[in-house]
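Given next are the chains, with one letter for each unit.
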There are 2 protein chains.
Amino acid sequence: MDSFRFADRAPGGTSQPVTIRVDGRRRAVIESVRPSISCRSVPVKRVAGDTLQVSADAFADGHDQLGVVLRIRDEGERRWREVRMRPLGNDRWQGETPLERLGRSTFTVRAWVDPFATWRGQLERRVAGGQDVKVELLVGADLVSQAADATPKQVAEPLRARADRLAQAARSKDAADLGGALDEELADLMATHGPRPRPADSGEHEVWVEPLRARFSSWYELFPRSLGRKGEHGTLRDVHAELDRIERMGFDILYLPPVHPIGRTARKGKNNTEKAGPADVGSPWAIGAAEGGHTAVLPGLGTVDDVRDLAEACRGREIDLALDLALQCSPDHPWVKAHPKWFRHRPDGSIRYAENPPKRYQDIYPLDFESEDWQGLWQALLDVVRFWIDHGVLVFRVDNPHTKPFPFWEWLIAEVKRDRPEVIFLSEAFTRPRVMEQLAKLGFTQSYTYFTWRTSKWELIDYLTELTRSDVAEYMRPNFWPNTPDILTEHMQAGGRPLFASRLVLAATLGASYGVYGPAFELVEARGLRPGSEEYLDSEKYQLRDWKPGAAGSLEPLITAVNAARHAHPALQRNDTLAFHHVDNDMLIVYSKRDPESGDTVLVVVNLDPHHTQGGWVDLRLEELDIDPNHPYQLVDLLSDDTYIWNGGHNFVELRPAEAPAHLFHLRRYLRSEQDFEYFA
Amino acid sequence: MDSFRFADRAPGGTSQPVTIRVDGRRRAVIESVRPSISCRSVPVKRVAGDTLQVSADAFADGHDQLGVVLRIRDEGERRWREVRMRPLGNDRWQGETPLERLGRSTFTVRAWVDPFATWRGQLERRVAGGQDVKVELLVGADLVSQAADATPKQVAEPLRARADRLAQAARSKDAADLGGALDEELADLMATHGPRPRPADSGEHEVWVEPLRARFSSWYELFPRSLGRKGEHGTLRDVHAELDRIERMGFDILYLPPVHPIGRTARKGKNNTEKAGPADVGSPWAIGAAEGGHTAVLPGLGTVDDVRDLAEACRGREIDLALDLALQCSPDHPWVKAHPKWFRHRPDGSIRYAENPPKRYQDIYPLDFESEDWQGLWQALLDVVRFWIDHGVLVFRVDNPHTKPFPFWEWLIAEVKRDRPEVIFLSEAFTRPRVMEQLAKLGFTQSYTYFTWRTSKWELIDYLTELTRSDVAEYMRPNFWPNTPDILTEHMQAGGRPLFASRLVLAATLGASYGVYGPAFELVEARGLRPGSEEYLDSEKYQLRDWKPGAAGSLEPLITAVNAARHAHPALQRNDTLAFHHVDNDMLIVYSKRDPESGDTVLVVVNLDPHHTQGGWVDLRLEELDIDPNHPYQLVDLLSDDTYIWNGGHNFVELRPAEAPAHLFHLRRYLRSEQDFEYFA
């Protein structure tokens, strides 16, 4: 903004003059631009193909007319694209612009008092009131002539001709001769080329454009080391054999826990026991050994080239391979000797292991981000990410990002995405709300959420409303996980297969992004370590597991059907249109999603009770569904293929746990047609 | 904020490095400071004697403990005062500081990861867990010793002694000897003098502290020219004789329409007719004649010294004299000749008069704020305000501020209030909401509102909720006027005396500031110019009126009682605690106000129907009133002196228009006492 200091002081004035931060004649004001997060300091998130809709209050003193435009500039470009904004009433203006290019773009709103539009509006009223407007035509001629002076020659000529015509009309004795003053053509010419005196600017806002997968993704987590035959240690090559199954189930991100050498010092045994036996494989999150650190692969799993090959094989199936980014070291990590400064030392010279006093985690050394050599550490960590990007990995699930400083992530993600804007970072921060939000604000593409522990109808409605209808939706993309290797909730331990099924449907239809930890999930692994613990018994974090993916009762068919529905229905690929509907039974939850572009609409009814049949009367808000209340509509259950026809919003539903966890309805609207089978579309 | 640029680039990086706007090791984050308007660009408003309460989200990565302080600095001072903020849970912090000095003050929130508090908290848990903490005591000794090094000698010595004790305890063989590590005294010393590494700052917010009258004021508007005897032109000296009556009624601001010479060119006649007769006095808002302009007084009213005398006489009664600031000129204003550049000219050389095409106001020339000589114009207008301040006028009612540029008002008000922070500006902008809000944001002390047209229960509840419970309450102080010389609503024209009475009670109890245009108000002047017009018949704007203030049926007694209640009850001197309560009759409205400091509580029941008796069941939200639901409470009607005793929230009320427009209850709470008359306090 310009800074203006008024020079003269009235006699008797004693103190310093007041600085006015705007031109004294700048009359337009812009306020309350949306979207805008944390006073413009946080970019809003969108995906390529989205339309960015921007609104703002824009007004001036008095009753003159404003010109208001939305301006957008992609990173690295010099020119602004410009779109006229339109008034919505009550001094609110709105404009839209398509987003195509990945990366960061900047947008601003600009407004000015438009002298030509103001003059034209007043002229219309003068003419309607029967006033003599000859002198006013001279005013108009002057405005158009000024515009001509300020534009390149090819535009200036028609403008100058227009100015002459107005001046002529002013001299003409024919009172009805307005010299074309009120022509739409002249109005358009002047809207584009007319003067824009002293415009006000909103300041720069940012939008971060990412690939569709940033918003819509289905994650499958897998421990490759359990894929070996006959209890042997599995390898990255063994994963290739699983890809058919994963693709068939409809997942598009395959996420592997850390693949790096595992420390031997203080290695944990099975079920997280203090001492590991010689055959114990240890936790993959205790990263680093003599064989290498964050850029090495555990020899038992394979080589860095095996990672590259797997990433490539995945990409052939439109699956992204995701690695785990766990920025911590085992005591055997090469950095412990090479960079002792990157760790915290105690006065007795020992390195601090991880602690949550009085608990100790002696197999883990945290990195010291307050180290003198913090810049060296940051660079090394960026190099790790770049190393795996160079090996074809474009998705990172980041372990505990909330225990590293925020500026580090802001820098790392910006550095990576500046060159590779398609890279996706998932924040695994199960911590306090403000910390989770901050990580999303500074650049994480997606975030784990509290969904895992939200089980009752009202918890789900409250939480999803916060995630999808508040400002949080502008920067935080939730990812819903019914289970993870760290979390098997009490709810899941107690609810059995019907509960796993309902949690899958909830995660995959409430959230455009979701994930499961398998094969534990589809095989309904529900045995907790002990009562009150969320740890698995015989957790794969500390030992190999011999899963039988083909076993009877596997949830694979349900997962396949749900993911197929997600791919076929754009309504399920977004969260912003999620709407809850009333049902008179608290064990049933009913919600819809719509894709406004295609009209695609999905209605979901989930039975939250894994033990009993539940039924109830639903009251649909038909306007949220864009359903005509005067015609029937058809519901096709994408899980059972059953078809229903409903009239109006009041309808009965019933679900039996043994049969189905949910209805996942595709809504088909009434269509006038001569053939029966074309009644609905 | 510091700016940090990471110097080295990884091999293969091509584009420019990303700038990080914070120190890479600055771990604390501050977000969502409240109060904060328009991203810190707008000061929040308070009055002297208020406590400023500030809250913010403050957090860091991990689980270390934070230190968080509120810092405040009055304008012109160099030192910050500092108050520790306390955690409210969920990473929200809060602190308070008293506001005494008039003027602008700056406040910020500062947060840092507190190494000593973190160490101390962990030590407690280590000790509780039975760990050997000897090495940890050395860590503590080091932190305390660092603090000693950084502080002045008198503080350093006790700190150094503490550090030595910790180091000794570390060497001691007695496991229980902690060297006083967990003493509260040491914790307090370190909270004040301990290190504050890399603090985060919220950026500067502003609070504008004004006198109590900025929030709590009762305005009385009067045309002095109607005070003459036997139809003669009244003078400023005649106003002195009215002061007893005005003071008795309880008003504390006496506002006069413009007192300046009135133009003769195109002067309006009675009832706004086109042509004035030779005896017509004209509109006081057509300012300027041969006798002078904005710093002159109409000779018929008196002299500038009469203004000074009247202001002084008012001040003796704790009344402020308010003048009208109407920045426009009659064609006869001296500026028209002296400063032709300050007016807009048409191509034929004529000066533009005021217009709203096709309507013309030929007796008024607007000032051209887009003039080349805008700086000269601004200075002249500031000189006008300073001139009247020098004559003892400290309150200005500003006519149509929304037709002058916003930067002008921002500058003028800041210039005036920097030297004279007690000056009050009332914005008379009956225009669009965003424009009214903007004028309040840039510095107007009080604002006229839509109250004048809000008549039904739901309109009043909606509007008052917006004004008192949204962000608007932080910067806009509403002033409620049942009538003005420009506005006699249809509602008022039809409702008669009972409606005037209920509108008075609404204005004076919903709003801490309110005003009436008298004697038209107390004499129930309700004759409109013609059906559908809000203008008065025989409007005092264009002619003298011979009022009879002592007439039977005058509302003076009611006004006196209401203003007495306002002065006696601090609850009525603020808007922030306004709460509406349910009553099962839409012609009754029930609300309360509380003063948290004194506990003073007022409950108001108004009958919105001027024609019929209305009764209904009230459901009070007793928690809003701080009433114990298990004891009776007493209600004293401050208008009728009747007393009631109620139990619980459910009670019946009834109001007859002929008897009383409202109950204005003072609530007295149950008090344990041995004497009957002390049951309530």
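Located above this text is the structure these notes cover.
Residues numbered from 1 in each chain as written. Chains lettered and ligands numbered in written order. Predicted model: local features only at pLDDT ≥ 70, side-chain atom pairs only at ≥ 80, totals over all residues. Heavy atoms only, no water.

1. Details of the overall build of chain A
At step 1: The helix and strand tally for chain A stands at 14 helices and 32 strands.
At step 2: Once the C-alpha set of chain A is aligned to its principal axes, its extents read approximately 105 × 75 × 50 Å.
At step 3: Across the 681 residues in chain A, those meeting the buried criterion constitute 58%.
At step 4: Pairs at least 24 residues apart make up 73% of the contacts formed inside chain A by residues separated by at least 6 positions.
At step 5: Element-wise, carbon and sulfur atoms account for 48% of the exposed surface of chain A, whose accessible area totals about 27700 Å².
At step 6: One way to put it: in chain A the 85 positive side-chain charges average out to a point 4 Å from where the 102 negative ones average out. (Helix = DSSP H or I, 4+ residues; strand = E, 2+ residues; numbered from the N terminus. Buried < 20%, exposed > 50% of the residue type's maximum accessible area, 1.4 Å probe, protein only. Contact = heavy atoms within 4.5 Å. Areas by Shrake-Rupley, 256 points an atom, 1.4 Å probe, with all protein chains shown as cover. Lys, Arg positive; Asp, Glu negative; His and termini not counted. Charge placed at Lys NZ, Arg CZ, Asp CG, Glu CD.)

2. Some thoughts on the packing of helix H8 (residues 374–390) of chain B against helix H9 (residues 406–419) of chain B
Residue and element names in this part refer to chain B.
At step 1: Orientation of H8 relative to H9, taken along the N-to-C sense of each, is 35 degrees, at an axis distance of 11 Å. The handedness of the crossing between H8 and H9 comes out as right-handed. Along the contact surface, H8 presents Trp378, Gln379, Leu381, Leu382, Val385, Arg386 and Ile389, while H9 presents Pro407, Phe408, Trp411, Leu412, Glu415, Val416 and Asp419.
At step 2: Among the residues forming the contact of H8 with H9, the class breakdown is 10 nonpolar, one polar and three charged. (Axes fitted to C-alpha atoms, helices over the stretch in contact; angles between N-to-C directions. Left-handed = near helix turned anticlockwise from the far one by under 90°. Nonpolar A, V, L, I, M, F, W, Y, C, P; charged D, E, K, R; others polar.)

3. Concerning the pattern of salt bridges
Pairing of side chains with opposite charge becomes possible as their charged atoms draw close.
Residue and element names in this part refer to chain A.
At step 1: Applying the stated criterion across every chain, the model contains 130 salt bridges over all chains.
At step 2: Between Asp57 and Arg92 there is a salt bridge, with its nearest N and O atoms 3.0 Å apart. With Asp57 in strand S5 (residues 51–59) and Arg92 in strand S9 (residues 92–98), the pair connects residues that are 35 residues apart, well separated along the chain. Note on accessibility: Asp57 and Arg92 belong to one class, buried. (Salt bridge = Lys/Arg side-chain N within 4 Å of Asp/Glu carboxyl O.)

4. Notes on the packing of aromatic side chains
At step 1: What the rule picks out here adds up to 64 aromatic pairs over all chains.
At step 2: Measuring from ring centre to ring centre gives 5.8 Å for Phe396 of chain A and Phe425 of chain A, while their planes differ by 20 degrees; the resulting arrangement is stacked. One end of the pair, Phe396 of chain A, is in strand S20 (residues 395–399); the other, Phe425 of chain A, is in strand S21 (residues 424–428), and 29 residues separate them in sequence.
At step 3: Taking relative accessible area as the criterion, Phe396 of chain A reaches 1% and is therefore assigned buried.
At step 4: With a centroid separation of 5.2 Å and 80 degrees between ring planes, the pair formed by Trp335 of chain B and Trp342 of chain B is classed as edge-to-face.
At step 5: Given the relative accessible area of 3%, Trp342 of chain B is considered buried.
At step 6: The ring of Phe451 of chain A has Arg503 of chain A lying over it, and the distance from NZ or CZ to the ring centre is 4.2 Å. (Phe/Tyr/Trp six-rings, centres within 6.5 Å; stacked < 30°, edge-to-face > 60°. Lys NZ or Arg CZ within 6 Å of the ring centre and 35° of its normal.)

5. A closer look at the interface of chain A and chain B
At step 1: Contact residues are listed per partner, giving 78 residues for chain A and 79 residues for chain B.
At step 2: Carbon and sulfur atoms supply 53% of the area buried between chain A and chain B, which totals about 7100 Å² over both sides.
At step 3: If you look at where chain A meets chain B, you find 14 salt bridges.
At step 4: One salt bridge in this structure joins Lys441 of chain B and Glu31 of chain A, with 2.5 Å as the shortest N-O distance.
At step 5: Linking chain A with chain B are 26 residue pairs in polar contact (both at pLDDT 80 or more), by the criterion used here.
At step 6: Broken down by secondary-structure element, the contributors of at least two residues to the side of chain A that touches chain B are strand S3 (29–34), S5, helix H1 (115–128), helix H2 (134–149), strand S17 (354–356), helix H8 (374–390), helix H9 (406–419) and helix H10 (433–441) of chain A.
At step 7: When grouped by side-chain class, the residues that make up the side of chain A that touches chain B number 27 nonpolar, 19 polar and 32 charged. (Buried area = accessible area lost by both parts, 1.4 Å probe. Polar contact = N/O pair within 3.5 Å; in protein donor to acceptor, adjacent residues only side chain to side chain.)

6. Some details on the relation of the copies chain A and chain B
In this arrangement, two copies of a chain are superimposed by a rotation about an axis accompanied by a shift along the axis.
At step 1: Under the fitted operation, chain A is carried onto chain B by 0.0 Å of movement along the axis and a turn of 180 degrees, and the coordinates agree to an RMSD of 0.1 Å. The symmetry that links the two subunits is that of a two-fold axis. Minimal C-alpha distance to the rotation axis in chain A is attained by Cys39 of chain A, lying at 2.7 Å.
At step 2: When the interface residues of chain A are mapped onto chain B, 100% of them again lie at the interface, so the same face is used by both copies. (Least-squares fit on C-alpha atoms with pLDDT ≥ 70 in both.)

7. Examining the sheet that holds S3 of chain A
All names here are of chain A.
At step 1: On the basis of which strands lie adjacent, the open sheet formed by four strands has the order S3-S5-S9-S8 and antiparallel pairing. Of all strands in the sheet, those with a lone pairing partner are S3 and strand S8 (86–89), marking the two edges. This sheet shows a mean twist of 35 degrees between the axes of neighbouring strands, independent of strand direction.
At step 2: When S5 meets S9, the two strands line up antiparallel, connected through seven bridges. Counterpart to Gln53 in the pairing with S9 is Glu96. (Pairing = 2+ DSSP bridges.)

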